[in-house]
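Secondary and tertiary structure notes
The chain contents come next:
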Amino acid sequence: GENVEQHPSTLSVQEGDSAVIKCTYSDSASNYFPWYKQELGKGPQLIIDIRSNVGEKKDQRIAVTLNKTAKHFSLHITETQPEDSAVYFCAATQTGANNLFFGTGTRLTVIP
Amino acid sequence: GAVVSQHPSRVICKSGTSVKIECRSLDFQATTMFWYRQFPKKSLMLMATSNEGSKATYEQGVEKDKFLINHASLTLSTLTVTSAHPEDSSFYICSARPGQGNQPQHFGDGTRLSIL
């Protein structure tokens, strides 16, 4: 089965700096990679996703990159703000599959 | 769009009680819904996949008689924790996927279950 690893487990940055979270996956058949943001006491919210037919996707301050050969993908947040503080999860799956394999999460703290 | 509502948000009850959690897709139809369990500071663990009009598919190690799932319509799935005990205390989260195939899962806000 798929195994998704995520690093770092915690990350603290100064407001305005960039934050990068990295994930690796093991199953070369995985072709869909969503990122979720989970605030305290809430469910995960989809913030961005990428499919294996593209190498990079950007949405305002958030970008995701994918390296299929190396089987890793990363989340980049620029100009961080205190409201970006949350736990971020990466995930991997195959299109149409039910199982969404989650990473272990990264607790991001943005220091004002 | 793609809003998933979960109710209740928090339940505190005595040991031996059965607790029902509802998951609704508000603005889309979901043939498939998913139930997860999350322990403190941990990732989400898939418990079961709920299929409208058919039996749920449970992950290995999840007791189907303990966690009853019903998906009677395209917008509602329920999870009933039967005869709950303190070890069942956890954060339960549902998700739903619009349509088929390559649509992302959208999550509810979770239910914190505390069994005394």
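Some thoughts on the environment of G55(A)
Residue and element names in this part refer to chain A.
- Mapped onto the fold, G55 is located in the loop between β5 (45–51) and β6 (56–59).
- For the pair G55 and K68, spaced 13 residues apart in sequence, the C-alpha separation works out to 8.2 Å.
- Not counting chain neighbours up to four residues away, the residues in contact with G55 comprise I50, V64, T65 and L66.

A look at the nonpolar core
- Counting 24 residues, the largest nonpolar core has W35(B), F67(B), L79(B), Y92(B) and L113(B) as its most contacted members.
- Residue assignment for this core shows that the elements contributing at least two residues are β2 (10–13), β3 (19–25), β4 (32–38), β5 (44–51), β7 (67–73), β8 (76–81), β9 (90–97) and β11 (111–115) of chain B.
- Other than its neighbours up to four places away in sequence, L113(B) contacts V11(B), C13(B), V19(B), V81(B), D88(B), S89(B), S90(B) and Y92(B).
- One finds I21(A), V64(A), I77(A) and A92(A) within the second-largest nonpolar core, a separate group that totals 23 residues.

Concerning unusual backbone geometry
- The step from H7(A) to P8(A) runs through a cis peptide bond, and the omega angle for that step is -5°.
- In this chain, H7(B) is followed by P8(B) through a cis amide linkage whose omega measures 0°.
- Note that P8(B) resides in the loop between β1 (4–7) and β2.
- Non-glycine residue K71(A) carries a positive phi angle of around 55°.
- Turning to its location among the elements, K71(A) is positioned in the loop between β7 (62–67) and β8 (72–77).

What counts, and at which threshold
- Residues numbered from 1 in each chain as written.
- Chains lettered and ligands numbered in written order.
- Predicted model: local features only at pLDDT ≥ 70, side-chain atom pairs only at ≥ 80, totals over all residues.
- Heavy atoms only, no water.
- Helix = DSSP H or I, 4+ residues; strand = E, 2+ residues; numbered from the N terminus.
- Contact = heavy atoms within 4.5 Å.
- Core = buried A, V, L, I, M, F, W, Y, C linked by side-chain atoms within 4.5 Å.
- Buried < 20%, exposed > 50% of the residue type's maximum accessible area, 1.4 Å probe, protein only.

That's the geometry; what it means functionally is another story.
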